[in-house]
Amino acid sequence: MKPLARSSWTSTAPGGVPLAGPVSDLFIHHTAGAMPLGGVNASKDVEVATIRATREDHVNNRGFSDIAYCYGFMPSGRVYELRGHRTGGHTFCCNGVSIAFVFFGSSDVVDSSCVENAVRMMHEERLRQVEIGNLTASHRLRGHRDVGGESGPTACPGDALYTRLAEIEKGVEDMGFAEYSEAYAERWNKLVAGEARPRVEKIPVTSSTRRDAALGRRQADVDFVTLKALRERPS
Ligand SMILES: [Zn+2]
């Protein structure tokens, strides 16, 4: 299922700038804030209010240009486009070269069953992001704590979600979910096989993308310092 469009929760323009082509890094976060009231049964209105409140906190109290993350995942299983495929304020090392999925709530304090739908939808959305050319099929999936925040170590995305990363990352053949059918497996395998395609042609050539290619990695670097997003702080 496609994420609900940004226009479903705000009429404001997204922050950051569009990311140049598919990125090779995906980070998982939690907001460490309140989960939408009702949890798995929360109404869309309550979820929208939660996203708006989070954006207001990021903009008014932390000085970001927008809500920090790219896509938001609710205990209900609804997924929302936040900034979308744009530079973010989520992961200090890598705001200009990665995308971020965020769970709305604190996975450390909610019952782990509240993250079930989010885990499944994060797996599904990974696949969709590869299909639409936003992520390379061989991208790295990590939790925010794997790289830390600007001021040092972070517990993000909380233990309950961090311990599920392997499930979000698993190849479809390892998934236990009934809905991951053979047709789904075919989609995934086709994508991975397609990794040899010259996706790099989609990336505008700049000094930074040339250097990324030369180094065989994508990492925040001096070229990106000019981007507003890199001056933003991690959450
Ligand atoms: Zn985080």
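Residues numbered from 1 in each chain as written. Predicted model: local features only at pLDDT ≥ 70, side-chain atom pairs only at ≥ 80, totals over all residues.

Colleague: Lay out the nonpolar core in plain terms, naming residues and giving numbers.
Modeller: The tendency in soluble globular proteins is for nonpolar side chains to be buried as a group. If you look at the biggest cluster of nonpolar residues, it comprises 40 residues, and the most contacted ones within it are Tyr69, Phe73, Phe101, Ala118 and Met122. At the level of secondary structure, the elements contributing two or more residues to this core comprise β1 (23-30), β2 (71-73), β3 (79-81), β4 (99-103), α2 (116-131), β5 (135-143) and α3 (159-162). (Core = buried A, V, L, I, M, F, W, Y, C linked by C-beta atoms within 7 Å. Buried ≥ 20, exposed ≤ 12 C-beta atoms within 10 Å, placed from the backbone. Helix = DSSP H or I, 4+ residues; strand = E, 2+ residues; numbered from the N terminus.)

Colleague: Describe unusual backbone geometry, naming the residues involved and giving the relevant values.
Modeller: Looking along the chain, the bond that leaves Cys156 and enters Pro157 is cis, with omega of 10°. Position of Pro157 relative to the elements: it lies in the loop between β5 and α3. Of note in the backbone geometry, Ala32 takes a positive phi value of approximately 60° without being a glycine. In this structure Ala32 comes out as partly exposed when scored by C-beta crowding, with 18 C-beta atoms within 10 Å.

Colleague: I'd like to hear about helix α1 (residues 44-61), residue by residue, with values.
Modeller: Every α-helix winds through 3.6 residues per turn, so residues three or four apart in the chain are directed the same way. The end-to-end C-alpha separation of α1 is 25 Å, in line with the 26 Å expected for 18 residues at 1.5 Å each. Regarding α1, the residues found buried are Glu47, Thr50, Ile51, Thr54, Arg55 and His58. Burial along α1 is one-sided: seen end-on, the buried residues are contained in an arc of 130°. Projecting away from the buried face of α1 at angles above 90 degrees are the exposed residues Asp45, Glu56, Asn60 and Asn61. The inward-facing, buried residues of α1 abut β2 and β3. Looking at the residues trailing α1, positive phi occurs at Gly63, about 80°. (Expected span 1.5 Å × (residues − 1). Arc of directions from axis to C-beta. Contact = placed C-beta atoms within 7 Å.)

Colleague: Mind laying out the sheet that holds β4, listing which residues take part and the relevant values?
Modeller: Strand order in this open sheet of 5 strands is β3-β2-β4-β1-β5, and the pairing throughout is mixed. Both edges of this open sheet fall to β3 and β5, since each of them pairs with a single strand only. The sheet shows a mean angle of 25° between the axes of neighbouring strands, taken without regard to direction. Looking at chain direction, β1 and β4 are connected through 5 bridges and run parallel. Bridge pairing links Phe27 to Ala100 in β4. (Pairing = 2+ DSSP bridges. Axes fitted to C-alpha atoms, helices over the stretch in contact; angles between N-to-C directions.)

Colleague: Describe in detail α2, supporting the description with residues and values.
Modeller: For α2, with 16 residues, the first-to-last C-alpha span of 23 Å sits near the 22 Å given by 1.5 Å per residue. Taken together, the buried positions of α2 are occupied by Ala118, Val119, Met121, Met122, Glu125, Arg126, Gln129 and Val130. Trailing α2 by a residue or two, Gly133 shows a phi angle of about 85°, which is positive.

Colleague: Please provide a residue-by-residue account of the pairing of β1, values included.
Modeller: One face of the sheet, then the other: side chains in a regular strand alternate in exactly this way. Of all 8 residues in β1, 7 are buried; the element is thus mostly enclosed. By the bridge criterion, 5 bridges tie β1 to β5 in an arrangement that is parallel. Paired with Asp25 across the bridge in β5 is Arg140.

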